[in-house]
Amino acid sequence: LASIGAAGTLVWLFRKLGLEKESALASERYLFHALESIDTGIELYDKSGRLVFANSGFKNLFPRVASQLAATPDREALHARLASFGYIDPAHGLDGQNDGTSTGRREAFITETRLLDDRVIRTLERPIAEGGLVVLRTDVTEERRREKSIIASRDILARQTHELIR
């Protein structure tokens, strides 16, 4: 979710730095480098559901698929590749669904998926006003492990406290 704030910050920076006055190519290049600098995985799909961009954050999450992204025409094909490389269960897809048609959604939504390698990926999908979809993926595995550890510690403390009271 922090990446959404980062995107707003980028827009502000563009205006602040006067990039809207520069050539479209320079602005595109600047935006590309900004998106590449974000650790969160970013996928962009056009109106027809075609994958048009995946940043290095996405490629770092799924390195065995990174070299094949150019040959991945859409979301369904991406999920098939991720399944073929053993990242996801093909019956559930990457987002806990297997429809490959999220570009028709009107609202943003968040899911978490446990990959076959035991990593937990949080996915935020948000429709683009002009059509298409932006997908942000973050590895939250360590966050979930810390939560489990805190819960286990709390349970131990509760049991010990209960034993002391008796």
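The rules behind each value
- All chains use their own residue numbering, which begins from 1 and follows the written sequence.
- Residue-level local features of this predicted model are given only where pLDDT is at least 70; pairs of side-chain atoms are given and counted only at 80 or more, and the full residue set underlies all totals for whole chains, interfaces and linings.
- The basis for the side-chain values is all heavy atoms of the structure; hydrogens and waters are excluded.
- For Phe, Tyr and Trp, where Trp contributes only its six-membered ring, two rings pair if their centres lie within 6.5 Å, and the inter-plane angle classes them as stacked under 30 degrees, edge-to-face over 60, or tilted in between.
- Elements are defined by DSSP. Helices are runs of H or I of four residues or more, strands are runs of E of two residues or more, and each kind is numbered from the N terminus.
- Burial status follows relative accessibility: with a 1.4 Å probe on protein chains alone, a residue under 20% of its type maximum counts as buried, one over 50% as exposed, and anything between as partly exposed.
- Lysine and arginine charges are scored as sitting over a ring when NZ or CZ, respectively, is within 6 Å of the ring centre and within 35 degrees of the ring normal.
- To define a nonpolar core, start from buried Ala, Val, Leu, Ile, Met, Phe, Trp, Tyr and Cys residues and group those joined through side-chain atoms within 4.5 Å.
- Contact criterion: two residues are considered in contact whenever any of their non-hydrogen atoms come within 4.5 Å of each other.
- We call two strands paired when DSSP finds no fewer than two bridges between them.
- Axis definition: a line fitted to C-alpha atoms, limited for helices to the stretch in contact. Angles are taken between N-to-C directions and run from 0 to 180 degrees.

(A) How the structure looks around the packing of aromatic side chains. A full pass over the atoms with the stated rule returns 3 aromatic pairs. Plain terms: the ring middles of phenylalanine 32 and phenylalanine 53 are 6.0 Å apart, the flat faces sit at 80° to each other, and that makes the pair edge-to-face. A residue pair is termed long-range when its members are at least 10 positions apart, and phenylalanine 32 in helix α2 (residues 24–36) and phenylalanine 53 in strand β2 (residues 51–54) qualify at 21 residues. Between the aromatic rings of phenylalanine 58 and phenylalanine 62, the centroid separation amounts to 5.1 Å while the plane-to-plane angle is 50°, which identifies the pairing as tilted. The pair formed by phenylalanine 58 and phenylalanine 62 is uniform in burial state, with each residue classed as buried. Put simply, the rings of Phe58, Phe62 and Tyr87 touch in pairs and so form one group of aromatic residues. Residue placement shows arginine 75 over the ring face of tyrosine 45; its charged tip is 5.7 Å from the ring centre.

(B) How the structure looks around the nonpolar core. Counting 17 residues, the largest nonpolar core has Phe62, Val65, Leu69, Leu78 and Leu82 as its most contacted members. Elements represented by at least two residues in this core include exactly β2, α3 (56–61), α5 (75–84) and β5 (133–139). Non-local contacts of leucine 82, meaning those with residues more than four positions away in its chain, are made with Phe62, Val65, Tyr87, Ile88 and Leu94. Counting residues in each nonpolar core, the second largest holds 7 residues, with Leu35, Ile38, Phe53 and Leu136 among its members.

(C) Region of interest: the pairing of β2. Relative to β2, strand β1 (residues 41–45) runs antiparallel, the two being bridged by 3 bridges. Bridge pairing in β2 links glutamate 43 to alanine 54. Turn length for the β1-β2 hairpin, with the two strands adjacent in sequence and antiparallel, is 5 residues, and the turn residue glycine 49 shows positive phi of about 90°.

(D) Representation of the sheet that holds β2. Strand order in the open sheet formed by 5 strands is β2-β1-β5-β4-β3, with antiparallel pairing between adjacent strands. Looking at which strands have only one partner, the edges of the open sheet turn out to be β2 and β3 (109–114). Here the average twist between neighbouring strands, direction ignored, is 20°. Taken strand by strand, α5 contacts β1, β4 (120–127) and β5, and its axis lies near 20° from that of β5.

(E) Geometry of the pairing of β4. Where β3 lies against β4, 6 bridges are found, and the strand directions are antiparallel. Each bridged residue has a counterpart across the sheet, and for isoleucine 110 the counterpart in β4 is leucine 124. As consecutive antiparallel partners, β3 and β4 are separated by 5 residues, and within that stretch aspartate 118 has a phi angle of approximately 75°, a positive value. Where β4 lies against β5, 7 bridges are found, and the strand directions are antiparallel. In the sheet register, threonine 123 faces β5, and the bridge partner there is arginine 137.

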